[in-house]
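Architecture and fold: a report
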Amino acid sequence: MTQRISLTRYLVEQQRVDGHIPSQLRLLLEVVARACKSISQAVNKGDLGGVLGAASTENVQGEMQKKLDIIANEVLIEANEWGGHLAAMASEEMDSIYVVPNRYPQGEYLLLFDPLDGSSNIDVNVSIGTIFSVLKKPEGSAGVSEHDFLQAGSHQVAAGYCVYGPQTTLVLTVGDGVAMFTLDREQGSFVLTQEHVQIPADTKEFAINMSNMRHWDAPVKRYVDECLAGKEGERGKDFNMRWIASMVADVHRILTRGGIFMYPWDKREPNKPGKLRLMYEANPMSWLVEQAGGAATNGHQRILDIQPGKLHERVSVILGSKNEVERVTSYHQKT
Ligand code: AHG
Ligand code: MN
Ligand code: MN
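Everything numeric here is computed off the predicted structure, so don't read it as measured data. (Residues numbered from 1 in each chain as written. Chains lettered and ligands numbered in written order. Predicted model: local features only at pLDDT ≥ 70, side-chain atom pairs only at ≥ 80, totals over all residues. Heavy atoms only, no water.)

**Details of the coordination of the manganese ion (ligand 3)**
For a metal with four tetrahedral donors the ideal donor-metal-donor angle is 109.5 degrees, whereas six octahedral donors ideally subtend 90 or 180 degrees. The coordination sphere of the manganese ion (ligand 3), as far as protein atoms go, consists of Glu 92 (OE), Asp 114 (OD) and Leu 116 (O), spread over 2.2 to 2.3 Å. The manganese ion (ligand 2) is placed at 3.7 Å from the manganese ion (ligand 3), the two being bridged by Asp 114. Pair noted here: Glu 92 is in the loop between strand E3 (86-91) and strand E4 (98-99) and Leu 116 is in strand E5 (residues 109-117), with a separation of 24 residues, a long-range link. Across the pair, exposure class does not vary: Glu 92 and Leu 116 are buried alike. (Donors = N, O, S within 2.8 Å, 3.2 Å for Na, K, Ca; no water. Helix = DSSP H or I, 4+ residues; strand = E, 2+ residues; numbered from the N terminus. Buried < 20%, exposed > 50% of the residue type's maximum accessible area, 1.4 Å probe, protein only.)

**Observations concerning the sheet that holds strand E13 (residues 260-263)**
Pairing is mixed across the open sheet formed by 5 strands, whose spatial order is E12-E11-E13-E17-E15. Where the open sheet ends on each side, the last strands, each with one partner, are strand E12 (240-241) and strand E15 (295-297). In the packing of helix H8 (residues 322-334) onto the sheet, contacts are made with E13, E15 and strand E17 (317-320), and the angle to E17 comes to roughly 155°. (Pairing = 2+ DSSP bridges. Contact = heavy atoms within 4.5 Å. Axes fitted to C-alpha atoms, helices over the stretch in contact; angles between N-to-C directions.)

**What to know about the site of ligand 1**
Contacts to ligand 1 come from 17 residues, most closely from Asp 117, Ser 119, Asn 209, Met 247 and Tyr 263. The fraction of the free accessible surface of ligand 1 (470 Å²) that becomes covered by protein chains is 87%. Listed by contribution, the elements that provide at least two residues to the shell around ligand 1 are E5, E13 and strand E14 (276-277). Among the elements that take part in the shell around ligand 1, E5 stands out by supplying 3 residues, more than any other. Counting only domains with at least three residues in the shell around ligand 1, you end up with domain 1 (7-194) and domain 2 (205-334). (Near = heavy atom within 4 Å. Areas by Shrake-Rupley, 256 points an atom, 1.4 Å probe, with all protein chains shown as cover. Domains from an automatic or database assignment.)

**Comments concerning the coordination of the manganese ion (ligand 2)**
Coordination of the manganese ion (ligand 2) by the protein is provided by Asp 114 (OD), Asp 117 (OD) and Glu 281 (OE), with metal-donor distances spanning 1.8 to 2.1 Å. Counting gaps between the donor residues of the manganese ion (ligand 2) yields the pattern D-x2-D-x163-E. Of the residues examined, Glu 281 reaches a relative accessible area of 1% and is grouped as buried.

Structural data, given as structure tokens:
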């Protein structure tokens, strides 16, 4: 029988053998995984656990919150605040940062998360997830402030997501490639099921919300038009389309079999750079994709190079198979 490698063992080996992660970061990732397990339980119970439906509150971005958005946020905070590994947390669902209370020791890491991604899919039993990103508090800064979080994605020290689908799968990078862990519910532990994940450079599958087509900018429209033209068109091949409306699930498919995902700027809200959030969604997903050999840009620059100006900043996102992302990006450069 091949030996099963648990997330715990994987992290211990990353720490001990490869020297990739300090012990505090290992602890942090274990705690995030434990929180994801508990969110997975809640998701699994669905109506039986009374977790479906709206919460009748709005978040800082003016979006209606679902009960599970709030539950997942609380689970992540409660799991992470007391371990001594964190200085503060920031979440898509909280207006401002959450500083670790004085009664607990303060660590040197900053944790950012989208506690529940794909909220519109919760009540219809379609895959949703949790996305997280870890930064180090800048050295020499006394206390902790929002400003400490405003670091480009290239400074992340760990990033990942957990997708709650037919299986619960945790996907992680600490800068040494991408590894996937499947939750074994009987054992209660995440088991390594794929290492050195690689996204093929070419693809015949694209993901975008087509209902926004009339609002797109010319480069995105050109790219999608060429995909739709299929064999007879410029690209000389037929394309397939998928749109799950959970970024975690769309990115998981791309890490598994390739593809391109786009949520571009559009004319509905011209003053916003995009819909997705740079710090909670785009940065962690972009690093995972790059670590798997793919690419991620906002049409003009590498997402991981963007210097955030504010915590809840939004961004246009094009990520996935390298050659396709480079093609869409080059269309932007030509206009
Ligand atoms: P969230 O549920 O965290 O607000 O994120 C939803 C995001 C992303 O997961 C998905 O790709 C996109 O919004 C779907 O947007 P549309 O409903 O506009 O297609
Ligand atoms: Mn989201
Ligand atoms: Mn969310």
